[in-house]
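Structural features, examined
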Amino acid sequence: MKAAVLREFGKPLVIEDIQIDAPKAGEVKIKLSACAICHSDIIAMSGAWGGSLPTVYGHEAAGVVTEVGAGVTKVQAGDPVVVTLLRSCGTCFYCAQGQPHICEGDFPLYHETRLHDAAGNAVNQGIKVAGFAEYAVVEQSQIVKISDNVPMESASLLACGVITGLGAVVNTADIKPNSSVAVIGCGGVGLNSIQGAHLAGAQPLIGIDLLDNKLAAAKEFGATHTINPSTADVVEGVKALTSGRGADYVFVAVGSTKAMEQGLQLIRPGGSLVLVGMTASGQTMSFEPVNFSFYSQHIMGSNMGSTRLNIDIPKLVELYEEGRLKLDELITKRYKLEDINEAIEAVENGEALRNVIVFD
Ligand SMILES: [Zn+2]
Ligand SMILES: [Zn+2]
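First things first, this report covers the structure right here in the doc. (Residues numbered from 1 in each chain as written. Chains lettered and ligands numbered in written order. Predicted model: local features only at pLDDT ≥ 70, side-chain atom pairs only at ≥ 80, totals over all residues. Heavy atoms only, no water.)

Distances from the zinc ion (ligand 2) to its protein donors, namely Cys38 (SG), His59 (NE2) and Cys160 (SG), fall within the range 2.0 to 2.3 Å. In the primary structure, the donors to the zinc ion (ligand 2) are separated according to the pattern C-x20-H-x100-C. Placement of the pair is Cys38 in the loop between strand 4 (27-36) and helix 1 (39-46) and Cys160 in helix 3 (residues 152-172), with a sequence separation of 122 residues. On the accessibility criterion, Cys160 (4% relative accessible area) is buried. (Donors = N, O, S within 2.8 Å, 3.2 Å for Na, K, Ca; no water. Helix = DSSP H or I, 4+ residues; strand = E, 2+ residues; numbered from the N terminus. Buried < 20%, exposed > 50% of the residue type's maximum accessible area, 1.4 Å probe, protein only.)

Right under this line is the structure:
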């Protein structure tokens, strides 16, 4: 099969002919229809999170099951599925209390790969999926069957950007109606925090981004106000919209420590800062703890929107079918696998909400 392989960090991907094994027990093979490009792929491909190469990245995917391994009963060949990086055992300490996104279970796929290059050498499955390829083999917990009503490119976005952004608001922070909310970063993840906050009844709902095209999208996704820090004072702007106090919740949907520090300036006494974006390993942020304790503020991290796939994905599909969840509007452009480096460059330049690789 064709796959986009990274052989050197920071270098372009190379399209190669890669061998993919049959699924082993508990695993599923999927013919991918679409795989979106997420900022996490770009950070990983820069080498900022370490790891070894060669690797196939891509983790925001959807496709059709072609083969199931022994013991798999949740899907069969022909089922359309969302393919995610969320791998969970269902029985460990975390899974047992409804936190499968931080599952501590062990799986053969943590130690083995199902991909090999033409010379027979192992190729890693990056970010647990390896979605920049025509087929993927993943653990069965990573997929959710969906209805035929969702176009595959839209469905792929459910695998990461949508659940990460929206889940941070409705699962991790679990905001109340009428909460004042600001979202820093209005890309593929932040827009979903905005639409999650909109669905949850946030008021006001403030989108913050340096790019005017993203602020325009923020309005479409439910923001009541937008602020561009390059032309306006963000702290003053948010205070002016929140009776001078600051926001109940600030979601930081970019992997920037500067944005996270800025976020702390925007929460009210008793308010919460929710860190959604992932920074490079080793980066640190600083803040004045005396203010933080004096004003009883909170910081929380949100990994993958605290998503429980089998509960959240079907609900999101229902919302999409009712016209209440925007997915199609998140897609900026569709690319063939051969043009993946161009698709990645457009994401890096801030031109895209989500660029999606589509397969024949
Ligand atoms: Zn588990
Ligand atoms: Zn992602």
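Having seen it, we continue.
Before going further, it helps to spend a moment on the sheet that holds strand 9 (residues 122-125). Spatial ordering of the open sheet is given by 3-8-9-5, a layout of 4 strands whose pairing is mixed. The open sheet has two free edges, formed respectively by strand 3 (19-20) and strand 5 (55-56), since each of these has just one partner strand. Sheet topology places strand 3 next to strand 8 (residues 115-116); 2 bridges connect them, and they run antiparallel. Bridged to Gln19 within strand 8 is His116. (Pairing = 2+ DSSP bridges.)

Relative to the helices and strands, Asn310 resides in helix 9 (residues 309-321). Here the alpha-carbon distance between Asn310 and Ser141, two residues 169 residues apart in the chain, equals 8.9 Å. In this view, Asn310 contacts Lys74, Ile143 and Val144; residues no more than four positions away in its chain are not counted. (Contact = heavy atoms within 4.5 Å.)

Sheet strands pair by backbone hydrogen bonding; their relative direction is either parallel or antiparallel. Strand order in the open sheet formed by 6 strands is 14-13-12-15-16-17, with parallel pairing between adjacent strands. Since the sheet does not close on itself, it has two edges, and those belong to strand 14 (225-227) and strand 17 (298-301), each with one partner. The sheet shows a mean angle of 20° between the axes of neighbouring strands, taken without regard to direction. In the sheet, strand 12 (residues 181-184) pairs with strand 13 (residues 205-208) via 4 bridges, with the strands oriented parallel. Bridging from a neighbouring strand, Ile184 pairs with Ile208 of strand 13. The strands touched by helix 5 (residues 212-220) are strand 13 and strand 14; relative to strand 14, the strand with the most contacts, the crossing angle is about 165°. (Axes fitted to C-alpha atoms, helices over the stretch in contact; angles between N-to-C directions.)

Coordination sphere of the zinc ion (ligand 1), protein contribution only: Cys89 (SG), Cys92 (SG), Cys95 (SG) and Cys103 (SG), at 2.3 to 2.4 Å. Angles of 105 to 116° at the metal separate the 4 donor atoms of the zinc ion (ligand 1), which places the site in the tetrahedral class. As a motif over one chain, the donors of the zinc ion (ligand 1) read C-x2-C-x2-C-x7-C. Taken together, the positions of Cys89 in the loop between strand 7 (80-83) and helix 2 (93-96) and Cys103 in the loop between helix 2 and strand 8 put the pair 14 residues apart, joining distant regions of the chain. (Tetrahedral: all angles 85-135°; square planar, octahedral: opposite > 155°, others 65-115°.)

What follows deals with the packing of aromatic side chains. For the structure on display, the rule yields 5 aromatic pairs. With a centroid separation of 5.1 Å and an interplanar angle of 80°, the aromatic rings of Phe294 and Tyr295 are classed as edge-to-face. Seen from the ring of Tyr110, Arg87 lies directly overhead, with NZ or CZ sitting 4.8 Å from the centre. (Phe/Tyr/Trp six-rings, centres within 6.5 Å; stacked < 30°, edge-to-face > 60°. Lys NZ or Arg CZ within 6 Å of the ring centre and 35° of its normal.)

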